[in-house]
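The chain contents come next:
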Amino acid sequence: MELTDNELTLRLKQNDEVAFETLFRRYYHYLYSIAIQYVKDPALAEDALQEVYLKLWTYRAQLDELQSVRNYLATAMRHQVLNSIRANKRTILRHMSHQVTQTETDTTTEETLLLNEYSSVLQDGLRKLSAQRRLVFTLRSEEGLSNEEVASKLQISINTVKVQYYHACRFLRDYLRQHAGIEAMILIVATFCS
């Protein structure tokens, strides 16, 4: 007879490695699908997955067996993915660029269509920014320049760069919330505006 999540959580709290392995197998694909949806890179998704399971084992004594371990793992994965996006934004952008390049040869996948849609929505939002705000955003986000480097390049104050970048991110966050799915908003805002 298969053990319930609550029973497995109770056993995990008692250092039962078999319970851990069972939970690992039970939710591996579910958690991987959450990770890949956001980071788009299989290696980064695997890394996030390993971190979540490491935390599950490390903090097993603090688990509440009456709470859903599935929800706990999904929440932990979303937090891990956001941290991963912030830490690996260049890799994710490279992977996204590669995906867009591949659309010329294969336009049938749903992921590719969504990626193109998100990219299109982001470009529309960028066009709605003032010229200076768009330039500040582009220099900071796409070229990776610091506030100081942008200020020097545009011959404006560092404070002006900070204000322009803040307002650009705020506008794009609202624009994406209205015109794109939550995945796009989280991915793009966490990647660019972190």
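For clarity, every value in this text was computed on a predicted model and none was experimentally measured.

Enquirer: Tell me what's going on with unusual backbone geometry, and back it up with residues and numbers.
Expert: A positive phi angle is found at asparagine 15, which is not glycine, with a value near 70 degrees. In this structure, asparagine 15 sits in the loop between helix 1 (5-13) and helix 2 (17-39).

Enquirer: I'd like to hear about the packing of helix 1 against helix 2, residue by residue, with values.
Expert: Across the interface, helix 1 lies against helix 2 with an axial gap of 8 Å and an inter-helix angle of 140 degrees. Here helix 1 lies oblique to helix 2, going by the angle between them. In the crossing of helix 1 with helix 2, the sense of the turn from one axis to the other is left-handed. Of helix 2, the residues touching helix 1 (which contributes Asp5, Leu8, Arg11 and Leu12) are Ala19, Phe20, Thr22, Leu23, Arg26 and Tyr27. Here the residues of the contact of helix 1 with helix 2 sort into six nonpolar, one polar and three charged.

Enquirer: Can you explain the packing of aromatic side chains? Please cite residues and give values.
Expert: For any two aromatic rings, the description comes down to two numbers: the centre-to-centre distance and the angle of the planes. As enumerated under the stated definition, the model contains eight aromatic pairs in all. For the pair tyrosine 28 and tyrosine 32, a centre-to-centre distance of 6.4 Å together with 10 degrees between the ring planes defines the contact as stacked. With tyrosine 28 and tyrosine 32 both in helix 2 and four residues apart, this pair spans about one turn of that helix. A residue is classified by how much of its surface remains accessible, and tyrosine 28, at 18% relative accessible area, is buried. Site record: aromatic cluster; members linked through ring pairs are Phe20, Phe24, Tyr28, Tyr32, Tyr53 and Trp57. Sitting over the face of the ring of tryptophan 57, arginine 60 holds its NZ or CZ atom 3.8 Å from the ring centroid.

Enquirer: Could you give me a rundown of the side chain of aspartate 5, with the residues and numbers involved?
Expert: Relative to the helices and strands, aspartate 5 is located in helix 1. Aspartate 5 sits in the buried class, given a relative accessible area of 17%.

Enquirer: Can you break down helix 3 (residues 42-58) residue by residue, with the values?
Expert: One full turn of an α-helix is made of 3.6 residues, so residues set three or four places apart face in the same direction. For helix 3, built from 17 residues, the straight-helix expectation of 24 Å at 1.5 Å per residue is met to within 8% by its first-to-last C-alpha distance of 24 Å. By the burial criterion, the buried members of helix 3 are Leu44, Ala45, Ala48, Leu49, Val52, Tyr53 and Leu56.

Enquirer: Give me the pattern of salt bridges: which residues, what numbers.
Expert: Within the structure shown, the criterion is met by four salt bridges. A salt bridge links arginine 26 to aspartate 5; its shortest N-O distance comes to 2.6 Å. Pair noted here: arginine 26 is in helix 2 and aspartate 5 is in helix 1, with a separation of 21 residues, a long-range link. Between glutamate 65 and lysine 13 there is a salt bridge whose closest N-O contact spans 3.1 Å. Here glutamate 65 is found in the loop between helix 3 and helix 4 (69-87), whereas its partner lysine 13 is found in helix 1, with 52 residues between them in sequence. Accessibility expressed as a relative area gives 24% for glutamate 65, which makes it partly exposed.

Definitions and cut-offs
- Residue positions are given per chain, counting from 1 as you read along its sequence in written order.
- For this predicted model, a pLDDT threshold of at least 70 governs which residues receive local features, and a threshold of 80 or more governs which side-chain atom pairs are given and counted, while totals over whole chains, interfaces and linings are taken from all residues.
- In computing side-chain values, all of the structure's heavy atoms are included and hydrogens and water are not.
- The secondary structure listing takes helices from DSSP runs of H or I that are at least 4 residues long and strands from runs of E that are at least 2 residues long, numbered from the N terminus.
- For every element, the axis is a line fit to its C-alpha atoms; helices are fit only across the contacting stretch, and the angle between N-to-C directions ranges from 0 to 180 degrees.
- Small angles under 35 degrees read as roughly parallel and large ones over 145 as roughly antiparallel, with 65 to 115 read as roughly perpendicular and the rest as oblique.
- Whether a crossing is left-handed or right-handed is set by the direction in which the near helix is turned from the far one by less than a right angle, anticlockwise for left-handed and clockwise for right-handed.
- Working rule for contacts: check all heavy atoms of both residues, and any pair within 4.5 Å makes them a contact.
- Residue polarity is assigned by list, with Asp, Glu, Lys and Arg as charged and Ala, Val, Leu, Ile, Met, Phe, Trp, Tyr, Cys and Pro as nonpolar; anything else, Gly included, falls into the polar class.
- Two rings belonging to Phe, Tyr or Trp (six-membered ring only in the last case) form a pair when the distance between their centres is within 6.5 Å. Interplanar angles under 30 degrees mark stacking, angles over 60 mark edge-to-face geometry, and anything in between is tilted.
- Exposed residues in this analysis have more than 50% of their type's maximum accessible area, buried residues have under 20%, and partly exposed residues fall in between, with area computed by a 1.4 Å probe over protein chains only.
- Note on criteria: charge over ring means Lys NZ or Arg CZ within 6 Å of the ring centre, with the direction from the centre no more than 35 degrees off the ring normal.
- The length a helix should cover is 1.5 Å for every residue beyond the first.
- Each reported salt bridge corresponds to a side-chain nitrogen of Lys or Arg within 4 Å of a carboxyl oxygen of Asp or Glu.

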